[in-house]
Amino acid sequence: MQRNTTAELENYEVYDYIKEEMGYRMYDRICDIKRKFNVAVDLGCGRGQVSKHILEENVGTLYMCDHAEHVLEQAVTSPEVPTHKLCVDEEFLPFNHNSLDLLFSSLSLHWVNDLPGTFKQIHNSLKPDGAFIGSMFGGETLFELRVSLQLAELEREGGFAPHISPFTDNTDLGSLLNRAGFTLLTIDVDELVVNYPSMYELMWDLKGMGESNCAWNRKLHLSRDTTLAAAAIYKDMYGNEDGSVPATFHILHFIGWKPDPSQPKAAKRGSGQISIKDLGRLDEIMKEHPDGIDEK
C-alpha cells in the first residue's frame, strides 16, 4: 500500500535518488561479469532503476517483478532487451526450478518477512552456475534518526517504540545465503550519506520513497512534542556546521552462485607448499624455484 501510494504523487521521480544511484551501481556490477545471461529476473524492480540500463550484451530476456502493481506500471524498461512485467510477491516466486541464469534485486529485500525462504526459492529457480546479485539496506541504516527518536520518546514519554524497520547485518546475510545453498559468496558494504535541511525533510522523503516503517507493532502516531524534541536532538548530536543533518544509508552488496561442477574449488587441505610464515622471504623462494612451484 505504501509503495502504490507513491505512484499517485505527481513528482514521484524526485524521491528515487537513492534507488537510482544504487540501481546504476548494480548494473555496473552485472557488467563486471563477462557473460551474457539468457534469462534474467529483476526482483523488486521498482521503477526500473536497474533494468533501464540493461543491454542486449548483458541479458537475452528480462522479467521485471514487483509486488506494487502501480509502481510496476511506471517502471522504465530496457531499450534493447525483450522485457516482461510481472506482479510478484517476493515470498512466492512463480519461476520453475533451474529456469533462470541471473536474478538481481536492488534495495527491495528488506521488505521480505521470510528472507531464508525467499533465498531458497531463488536458489531453486536458478540454473547451475546461475548468479544471484543483490543489494539491501544494512543494519546501520538511518541510525541517526533511530537514536534521536528513541532518546526523544524516553525523555518525553518515558519509553520508546520502534519507528524504523529492522534491517539485516552483513554477518547474518552471509549465513542466510550459505544456508540457502549459494557458494562463492562475495559481500561488501557501501555507505551513502545524504544531507537534509532538518529531520522533517528526511522523514518527508522517506514517505515519498514508500520506505516508511510498516511493522505491525509500530506506533501509529508521534506527538508534536516528541517530534520537536527528536529534531532538536538530531541536530545537536549529528548536525553539520552549515545547519544540515546527515542521514546514513548502509548498503550491503552481495553475489552468490548456485553450485556447479565447473566452478573453481579450494585446494585440498595440506596441499600447500609454502607456509604463511615464509611470505616475508617470498623473493628468495621464487629464486630457488625459477621454473615455478609445482602445483601438484
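Quantities reported herein were computed from a predicted structural model and do not represent experimental measurements.

## A word on the overall build of the protein chain
Inference 1: The helix and strand tally for the protein chain stands at nine helices and seven strands.
Inference 2: For the protein chain, the share of sequence-separated contacts (at least 6 apart) that also reach a separation of at least 24 residues comes to 74%.
Inference 3: Of the roughly 16,000 Å² that the protein chain leaves accessible, carbon and sulfur atoms contribute 52%.

## Structural notes on unusual backbone geometry
Inference 1: We note that Asn98 has phi near 55°; this positive angle belongs to a residue other than glycine.
Inference 2: On the secondary structure map, Asn98 appears in the loop between strand S3 (83–87) and strand S4 (100–106).
Inference 3: Take Asn98: its relative accessible area is 43%, and that puts it in the partly exposed class.

## Describing the environment of Pro246
Inference 1: Of note, Pro246 is situated in strand S7 (residues 245–257).
Inference 2: Note on Pro246: relative accessible area 12%, which makes it buried.
Inference 3: Note: C-alpha distance between Pro246 and Met199 (47 residues apart in sequence) is 9.0 Å.
Inference 4: When neighbours within four sequence positions are excluded, Pro246 is seen to be in contact with Glu144, Val193, Val194, Asn195, Tyr234, Tyr238, Gly239 and Asn240.

## Here's the deal with the pairing of strand S1 (residues 37–43)
Inference 1: Here S1 lies mainly inside the structure; five of its seven residues are buried.
Inference 2: Bridging between S1 and strand S2 (residues 59–66) involves six bridges; their strand directions are parallel. Counterpart to Val39 in the pairing with S2 is Thr61.
Inference 3: Summarising the sheet, S1 and S4 pair through three bridges and their orientation is parallel. Bridge pairing links Val41 to Leu103 in S4.

## Observations regarding the pattern of salt bridges
Inference 1: One pass over the full model with this rule turns up nine salt bridges.
Inference 2: For the salt bridge of Arg47 with Asp16, the shortest nitrogen-to-oxygen distance reads 3.2 Å. Of this pair, Arg47 sits in the loop between S1 and S2 while Asp16 sits in the loop between helix H1 (2–6) and helix H2 (17–32), and the two are 31 residues apart along the sequence.
Inference 3: Arg47 sits in the buried class, given a relative accessible area of 9%.
Inference 4: Classification of Asp16 as buried rests on a relative accessible area of 3%.
Inference 5: We note a salt bridge from Lys52 to Glu20, for which the minimum N-O separation is 2.9 Å.

## Some thoughts on the side chain of Arg47
Inference 1: Of the polar contacts made by the side chain of Arg47, one reaches the side chain of Asp16; its length is 3.2 Å.
Inference 2: Once residues within four sequence positions are removed from consideration, Arg47 is found in contact with Thr6, Ala7, Tyr12, Asp16, Val71, Gln74, Ala75 and Val76.

## Comments concerning the nonpolar core
Inference 1: Within the largest apolar cluster, 26 residues are counted, with the highest numbers of intra-cluster contacts made by Leu145, Tyr196, Leu202, Tyr234 and Phe249.
Inference 2: Looking at this core, the elements with two or more residues in it are H2, helix H5 (143–157), strand S6 (183–196), helix H7 (199–209), helix H8 (224–238) and S7.
Inference 3: Considering each element in turn, this core owes the most residues, six residues, to H8.
Inference 4: With sequence-adjacent residues up to four places away left out, Leu202 is seen in contact with Leu142, Leu145, Tyr196, Tyr234 and Ala247.

## Structural notes on the packing of aromatic side chains
Each aromatic ring pair is summarised here by two numbers: the centre-to-centre distance and the angle between the ring planes.
Inference 1: Overall, the coordinates contain ten aromatic pairs when judged by the stated rule.
Inference 2: Look at Tyr24 and Tyr27: their rings are 6.1 Å apart centre to centre, the planes differ by 50°, and that puts the pair in the tilted class. Taken together, the residues span about one helical turn, with Tyr24 and Tyr27 both in helix H2 at a distance of three residues.
Inference 3: Relative accessible area serves as the criterion here: at 45%, Tyr24 is assigned to the partly exposed category.
Inference 4: Residue Tyr27 is classed as buried on the basis of its relative accessible area, which comes to 12%.
Inference 5: Here the aromatic rings of Tyr234 and Tyr238 are separated by 5.9 Å at their centres, their planes lie at 80°, and the arrangement is edge-to-face. In this pair, Tyr234 and Tyr238 are both assigned in helix H8, four residues apart and thus about one turn of the helix distant. Residue Tyr234 shares its accessibility class with Tyr238, and that shared class is buried.
Inference 6: Three or more aromatic residues joined by ring pairs form one cluster here, namely Phe119, Phe132, Phe182 and Phe254.

Basis of the calculations
Residues numbered from 1 in each chain as written. Predicted model: local features only at pLDDT ≥ 70, side-chain atom pairs only at ≥ 80, totals over all residues. Heavy atoms only, no water. Helix = DSSP H or I, 4+ residues; strand = E, 2+ residues; numbered from the N terminus. Contact = heavy atoms within 4.5 Å. Areas by Shrake-Rupley, 256 points an atom, 1.4 Å probe, with all protein chains shown as cover. Buried < 20%, exposed > 50% of the residue type's maximum accessible area, 1.4 Å probe, protein only. Pairing = 2+ DSSP bridges. Salt bridge = Lys/Arg side-chain N within 4 Å of Asp/Glu carboxyl O. Polar contact = N/O pair within 3.5 Å; in protein donor to acceptor, adjacent residues only side chain to side chain. Core = buried A, V, L, I, M, F, W, Y, C linked by side-chain atoms within 4.5 Å. Phe/Tyr/Trp six-rings, centres within 6.5 Å; stacked < 30°, edge-to-face > 60°.

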